[in-house]
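Inside the fold
For reference, the chains in residue letters:
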Amino acid sequence: MGTILLLSLLSGLSTPLGAWTVLQVHALTPSILAFILALASGVMVTVVGTELMPVSIQTGGIVWFILGCFSGMVLMESLARLWRPKNGSASAPLLPHQLRHTGRSIAMAIAVHDFPEGMAIGAGEIVHAKLGVVIALAIALHNMPEGMSIAAPLRASGMGRRAIMGLTLMISLVTPLGTLTPLVLGHLAPFLNAYILALASGAMIYVVAHDTGPESWYVQKRGAVLGFIVGVGLMLGMARMPAAWLAAII
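Presented here is an overview of the structure given in this document. (Residues numbered from 1 in each chain as written. Predicted model: local features only at pLDDT ≥ 70, side-chain atom pairs only at ≥ 80, totals over all residues. Heavy atoms only, no water.)

Let us look at helix H6 (residues 161–172). Taking 1.5 Å of rise per residue, the twelve residues of H6 would be expected to cover 16 Å, and the 16 Å separating its terminal C-alpha atoms lies within 8% of that figure. Regarding H6, the residues found buried are Ile-164, Thr-168, Ile-171 and Ser-172. Along H6, the residues classed as buried sweep out an arc of 105 degrees about the axis, all on the same side. In H6, the exposed residues that point more than 90 degrees away from the buried face are Arg-162 and Met-170. (Helix = DSSP H or I, 4+ residues; strand = E, 2+ residues; numbered from the N terminus. Expected span 1.5 Å × (residues − 1). Buried < 20%, exposed > 50% of the residue type's maximum accessible area, 1.4 Å probe, protein only. Arc of directions from axis to C-beta.)

Put into structure tokens, the structure is as follows:
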């Protein structure tokens with residue numbers, strides 16, 4: 001159990017690693033900001049479409065997916081109301097308070113979705129020890145662009161480097177927490193797994209539709225299109241890697 005938890009923690013730590021990479025850039029130009037926000041959109045849309053939604057429906061059925069997805073959207077809207085600026089304007093997404101809101105929304109969505117990812121590592125370990133390792137490696141790879149997508153708007157809003165790294169470090173702990181759950185409880189009820197995956201899907205869909213998508217398009221259309229394409233391509237490429245690794249290992 002100790003080894004897989006350590007690997008899960010390392011997978012989670014690739015999120016602050018991605019954030020650290022963004023913080024090394026001297027200046028976030030509009031094109032870079034638009035690219036990273038759209039990259040986040042592409043990553044999240046692809047994760048929902050290729051991982052979370054299919055597994056949720058297959059595990060618990062369409063009803064549990066719809067319920068969980070709707071719950072995720074409601075959760076994100078409720079949380080957004082806590083920090084959404086009262087004098088914010090949808091026509092000025094480059095204002096610092098709006099960029100900070102976007103960064104927090106991305107962080108919350110990623111934290112919500114890191115929990116079922118961690119559970120996938122633990123479940124893989126239960127099925128086959130090497131399967132858990134492969135899943136942990138795949139998750140580590142795609143956590144890096146997620147960390148970048150959190151750091152970019154927060155840095156542009158004026159948030160300090162230490163605060164950004166502290167936030168992403170806290171998020172990185174969600175993954176091993178998710179891994180610990182199935183290891184301690186054993187196999188969870190299928191409908192509960194399906195609901196958790198759908199909840200993460202709803203959170204991500206909300207952020208893409210409400211924050212990263214519109215704002216990246218507003219900042220710079222060309223960077224937004226390129227970032228989205230790269231985000232989708234990156235995740236589709238990573239989705240192919242684990243199968244090859246698994247076949248080689250087993």
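Among the nonpolar cores identified, the biggest contains 38 residues, and Leu-52, Ile-150, Ile-164 and Val-207 are the most heavily contacted of them. Of all elements in the fold, only helix H1 (2–23), helix H2 (30–60), helix H4 (96–127), helix H5 (129–156), H6 and helix H8 (190–219) reach the threshold of two or more residues within this core. At ten residues, H2 tops the list of elements feeding residues into this core. The contacts of Leu-52, once residues within four sequence positions are left out, are Val-47, His-113, Leu-197, Ala-200, Ser-201 and Met-204. Counting residues in each nonpolar core, the second largest holds five residues, with Ile-4, Ile-121, Ala-136 and Ile-139 among its members. (Core = buried A, V, L, I, M, F, W, Y, C linked by side-chain atoms within 4.5 Å. Contact = heavy atoms within 4.5 Å.)

Taken by themselves, the reported measurements are silent on function.
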